[in-house]
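Here's the letter readout for the chains.
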Amino acid sequence: MKSLWADKEAEAFVERYRTEVINEDVALRVYTTRLLGGDSRLVLHGGGNSSVKTSMTDLVGETWDVLCVKGSGWDMGNIEPEGLPAVKLKPLLRARELSVLSDEDMVSLQRSNLIDPGAPNPSVETLLHAYLPHKYVDHTHSTAILAVTNQPDGEEICRRLFGHRAAMVPYIMPGFDLARLAGEIYEANLDVEGLVLHKHGIFTFGDTAKQSYERMINIVCLAEEYIAGFDSKQFSPVRLPGATAPVGDVAAILRGACAVSEGSKPRRMVTEFRTSPAIMNYVNGREAGDYATRGVTTPDLVIRVKQKPLIVPPPEAGRLEKFKQAVIGGVNDYVADYTRYFEENNGLVDNIKVMIDPIPRLVLVPGMGMFALGRSKKAARVAADVGENIIATVSDAEAIGSFDPLPDKDLFDLEYWSLEQAKLGKADEAPLAGQVVVITGGGGTIGRATAGLMSENGAHVAVLDRVGDDAAEVAGEIGNDAIGIACDVTAPGEVEAAFAQICEEYGGIDILVSNAGAAWEGDIGTMPDETLRQSFELNFFAHQQVAQHAVRIMLQQGTGGVLLFNTSKQAVNPGANFGAYGLPKAATLLLSRQYALEYGRYGIRSNAVNADRIRGGLLTDDMIASRAEARGMEEGDYMAGNLLHREVGAEHVAKAFLDLALAERTTAGITTVDGGNIAAALR
Ligand code: ZN
């Protein structure tokens, strides 16, 4: 690890950030905080913090000595001055004379002394920053420091390695007591450049931003050089099957087994898959059940990935059912184990805590890699980053000795500490949170509107379209980690590849909106067979094709699912010259009912939407003009030619798809979205 400090960059930060209220001290604090936060070997997602002691003027012109310290909810890698709330320093220093200070009182002391009352909560490690006298203080959870401290003789190794440059602080949980102890240890070792917090991380400090930052890099380098003196750890591997099952199938089985029931519904998560030589070395290890389950490398990671991962057997190709049973058994054991961990430790704190969900967030799969789970793709990615970080640190710890983390009791205290739970924020309660929606014909007018509405309601959406650019464009527009996939739904190979890709990306599928379609016109009596067959390929067989794939995945997950078919008014009310379109659509309407009939017992619902006269897509502006003219009507009157006298838009069709996706007791149904047409009404 090298210092990335550059005078020019530092000047540029001062230039960019210095204003009437933000001084040079804070601008430089932003600069080096970002340098530290940009390296995952030092800081991960919300971990670590930094501060500067400076002065600031309030609204009435009074100037105060303040501590600008990282606020909770901010990442060091992209911090802004607003992410460093200013707290009046004097009251923080006076609190040091107290004999006790509860966490709640500590938070209110910090909040009530903010210069800006609207600022975020100052870090839970604020007091520690305050009790070190230096202008700049930096704190990271460096993986190299964690590899050398998470050892049975970790303190001894550190004393040898760092000598007089850093003093050791024994592990205690962040808060008032740790802050006071760190302050005392510093005062007994006035010549040190930093403090190593046993099995937690490292603080460095200095008179300037550069000095404090470079001391961090230098001390971390000593640990890195020490680790480099050992051969990297090669875990002795388990026997792997000759052929491993596909990643998408394994993902769907894991995702299904990890969907706990919440009332009558499964609470689903999505997955993030990672693999690399380092991950494979770790997950393939015969002793993984030991080294991988001892604990986490620094206690605050427990809120992202719990105290240990789930380890499953290697998934052999062609033997998925056996693998599935092993995974279900493994999840049950994990839940029982977590519940025991909770109850034992909750007993030690007078049973005041309430258990959070006991489901694993990391799953190690020998022969394949690591899966992370989260309520959203973003949460899954964070868990995966943490998992990779732990794998690297534990591998290093095992190379230099033996990985010896904090015991469960300390992890429990952190996991159930109200101040840490606050980092996770409120659970996303959008109705489709944790669910994966696939939309075919997603680049068209109805597909686009439906994709957007599903995404707004919390779903991750895979947009399939024959034109890959259109699919990608829609996915980009709707956000929420949507993906666009080029897929001709009449080409079986492309459909298979698309569904495999969706499973690899999210871990499965919950809702299929089979929407792709196109109209062929012509007199039924003279129409060439070829035209009718072509229309059946797209307007019937493609629906069957995607439904088969979706159902296969839904059964693997075992958490039910929803099939939705766009069938059109033509399915029940034929129009002249539209036979080639209406006939396969009628078959698709029955296809929807057939799936409802045969798969209802697995919790899979199947419904159809009959829409009519939607502008765009099949019904172009030219067609509207010519049909209106043929009927001797104004275009507007033609489009609103229904019982409600209102034009029907793609957004109304999208709403029908959403409603059916959410209608828990509706299957084999047909929803009409045409503004009312008695001739096309079902009877
Ligand atoms: Zn920390």
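Residues numbered from 1 in each chain as written. Predicted model: local features only at pLDDT ≥ 70, side-chain atom pairs only at ≥ 80, totals over all residues. Heavy atoms only, no water.

Enquirer: An account of unusual backbone geometry is needed here, citing residue identities and associated values.
Expert: Phi at Asp481 is positive, roughly 55°, even though this residue is not glycine. Tracing the sequence through the fold places Asp481 in the loop between α19 (468-478) and β16 (483-486). The exposure class assigned to Asp481 is partly exposed, which follows from its relative accessible area of 28%. The residue Asn577 is not glycine, and still its phi comes out positive at about 70°. Following the sequence through the fold, Asn577 ends up in the loop between β18 (561-566) and α22 (579-599). (Helix = DSSP H or I, 4+ residues; strand = E, 2+ residues; numbered from the N terminus. Buried < 20%, exposed > 50% of the residue type's maximum accessible area, 1.4 Å probe, protein only.)

Enquirer: How would you summarise the state of the cysteines if you had to cite specific residues and measurements?
Expert: Counting across every chain of the model gives zero disulfides. Its sulfur unpaired, Cys158 is 15 Å from the next cysteine sulfur, which belongs to Cys221. Not engaged in a disulfide, the cysteine Cys258 finds its nearest cysteine sulfur in Cys503; these two sulfurs lie 15 Å apart. (Disulfide = S-S within 2.5 Å.)

Enquirer: Report on the pattern of salt bridges, specifying residues and quantitative values.
Expert: Counted by the stated rule, this structure contains 33 salt bridges. Among the ionic pairs, Glu193 bridges to Arg165, the shortest N-O distance being 3.4 Å. Here Arg165 lies in the loop between α7 (154-162) and β5 (166-169) and Glu193 lies in the loop between α8 (176-187) and β6 (194-197), a separation of 28 residues in the sequence. What you see here is one network of salt bridges that share partners, running through Glu272, Arg274, Lys377, Asp385, Glu388 and Glu505. (Salt bridge = Lys/Arg side-chain N within 4 Å of Asp/Glu carboxyl O.)

Enquirer: Explain the packing of helix α21 (residues 529-557) against α22 residue by residue, including any values.
Expert: Running from amino to carboxyl end, α21 crosses α22 at an angle of 20°, the nearest separation of the two axes being 8 Å. The angle between α21 and α22 falls in the class roughly parallel. Once α21 is placed against α22, the crossing between them reads as right-handed. For the pair α21 and α22, the contacting residues are Leu532, Ser535, Phe536, Asn539, Phe540, His543, Gln544, Ala547, Gln548, Val551 and Leu555 in the first and Gly579, Ala580, Tyr581, Leu583, Pro584, Lys585, Ala587, Thr588, Leu591, Tyr595 and Tyr599 in the second. (Axes fitted to C-alpha atoms, helices over the stretch in contact; angles between N-to-C directions. Parallel < 35°, antiparallel > 145°, perpendicular 65-115°, else oblique. Left-handed = near helix turned anticlockwise from the far one by under 90°. Contact = heavy atoms within 4.5 Å.)

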